[in-house]
Amino acid sequence: MSDEDEIILSELDDDELVQQMFDDLYDGLREEIEEGVNILLGRGWQPYDILTKALVGGMTIVGNDFRDGILFVPEVLQAANAMKGGMAILKPLLVETGAPRVGKMVIGTVKGDIHDIGKNLVSMMMEGAGFEVVDLGINNDVDKYLGALESEKPDILGMSALLTTTMPYMKVVIDTLVERGIREDYTVLVGGAPLNEEFGRAIGADAYCRDAAVAVETAKDFMARKHNQMAAG
Ligand code: B12
C-alpha cells in the first residue's frame, strides 16, 4: 500500500480537503470525490460553494493541463465522471430551495458537441432558482431544438458549445428561429468557455452568460422584463 492510499479525507481540514479533492478529481477518483462532497456538506458547507470551490476549481486545473497536452481525453473523461458523481449529490440540494416557479427553459448542447458538464451545472442552478428545465442533452440539431420549443413552450432557450468548431451552430439555430418568425417568442441565452459577449451579440442571442450564476441572474432579469411588458400591455 502506498502512502497515498492512507489519506483519510475526514481527517483533513477544509483547505487540505479541497486541495485533496483537486488531486482526486484530476485522478478521476469518483468515490473519493463523492466522499469529499459528503464531508464538506457534513461540515456545513453550502452546496453552491462545494460546487464552485471544490468541483469547478478542480476541473479548471484539469482543463489547463488538457489544453497544455499534459492530460488526454481518457483522463479528462475520468475526471468528468468524478465531477458528475459529486454533482449528483449536490443536485437535489441545489434544486430543493422551494423557490416559486419563475419560468421555463429548454437547454441543450449544440450539434457536434458532447461537452455537458457546464450545461448540467446551468440546469441545476436554474432549477434551484425556481425554473422548470427541460434538458435536451448533447449533440442537438436545429430540428431537436425547434421540436422542443414547440412542445415545451419555454420562456428561454439555452444553448451550450465548448468548441470553436461547434459554436457557429448556435447562429444556425437562431437564424432558423428568425426565418420561422418565432425568434421574439423566446429569450435566447448562450454559454460555453470559448464564447464571449461579442459573439453572443453577433449571432443574435439575447445574452451570453459567463457562468451558471450569471445565467440565473440574466434569466431572472429577462423574466421580470417579460412580466412588466405583459402588465403594461
Ligand atoms: C471535460 C472536457 C472534455 C470531456 C467532456 C466530458 C463531458 N461529459 O462534458 C471530453 C473528454 C469528452 C472532451 C472531449 C473533447 N474536447 Co474537451 N474539454 C473538457 C474541458 C477540460 C472542461 C470542460 C468543462 O466541463 N468545464 C467545466 C464547466 C463547469 O465549465 P463550462 O463548460 O465552461 O460551463 C460554464 C460556462 O461556460 C457556462 N455555460 C456553459 N454552457 C452554457 C449554456 C448556457 C445556456 C449558459 C447560459 C451558460 C453556459 O456556465 C457553465 C457553468 O458555470 C475543456 C477545457 C475548458 N477550459 O473548458 C476542454 C475543451 C473544451 N475541449 C477541447 C477539445 C479540443 C476537445 C476534443 C475535440 C478533444 C479531442 N481531440 O477529441 C473533444 C471533442 C468532443 C466533442 N465532439 O464534443 C478544447 C476546445 C478547444 C476549442 N477552442 O475548440 C478545450 C477548451 C480544451 C483545450 N484547451 O484544448 N472534453
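Here the structure is shown first, and the text comes after it.
My aim in this report is to walk through the structure given alongside it, one point at a time. On a predicted model such as this, the values are computed, not experimentally measured, just so you know.

Moving on: the overall build of the protein chain. Tallying secondary structure elements over the protein chain gives 9 helices and 5 strands in all. What you see in the protein chain, going N to C, is helices and strands ordered as α-α-α-α-β-α-β-α-β-α-β-α-β-α. Taken over the C-alpha trace, the protein chain has a radius of gyration of 19 Å; the compact-globule value for 233 residues is 17 Å, and the two agree within 12%. Once the C-alpha set of the protein chain is aligned to its principal axes, its extents read approximately 65 × 40 × 30 Å. Looking at the protein chain as a whole, 47% of its 233 residues qualify as buried. Restricting to contacts in the protein chain with at least 6 residues of sequence separation, those with at least 24 account for 71%. In the protein chain, which carries 20 positive and 41 negative side-chain charges, the distance between the mean positions of the two groups comes to 12 Å.

Here we come to a nonpolar patch on the surface. A cluster of nonpolar side chains, F66, V73 and L77, forms an exposed patch at the surface whose accessible area comes to about 290 Å². With respect to the helices and strands, the residue L77 is situated in helix 4 (residues 73-95).

Conventions adopted
- Note that residues are indexed from 1 along each chain, following the sequence as it is written.
- The predicted origin of the model limits local features to residues at a pLDDT of at least 70 and limits the giving and counting of side-chain atom pairs to 80 or more, whereas totals for whole chains, interfaces and linings rest on all residues.
- The side-chain quantities take in all heavy atoms of the structure and omit both hydrogens and water.
- In DSSP terms, a helix is any run of H or I states spanning at least four residues, a strand is any run of E spanning at least two, and both are numbered starting from the N terminus.
- Each radius of gyration reported is based on C-alpha atoms, and the globular scaling rule is 2.2 Å times the count of residues to the power 0.38.
- Note on classification: 1.4 Å probe, protein chains only; a residue is buried when its accessible area is under 20% of the maximum for its type, exposed when over 50%, partly exposed between these limits.
- Any two residues having at least one pair of non-hydrogen atoms within 4.5 Å are treated as being in contact.
- His is not counted, nor are the chain ends, whereas Lys and Arg count as positive and Asp and Glu as negative.
- One atom stands in for each charge, and that atom is NZ of Lys, CZ of Arg, CG of Asp or CD of Glu.
- What goes into a patch is any residue over 30% in relative accessible area without a salt bridge, connected to like charges within 9 Å or, for nonpolar side chains (Val, Leu, Ile, Met, Phe, Trp, Tyr), within 5 Å.
- Only the protein chains shown count as cover for residues, and all accessible areas are computed by the Shrake-Rupley method using a 1.4 Å probe.
- The salt bridge definition used is simple: a Lys or Arg side-chain nitrogen within 4 Å of an Asp or Glu carboxyl oxygen.

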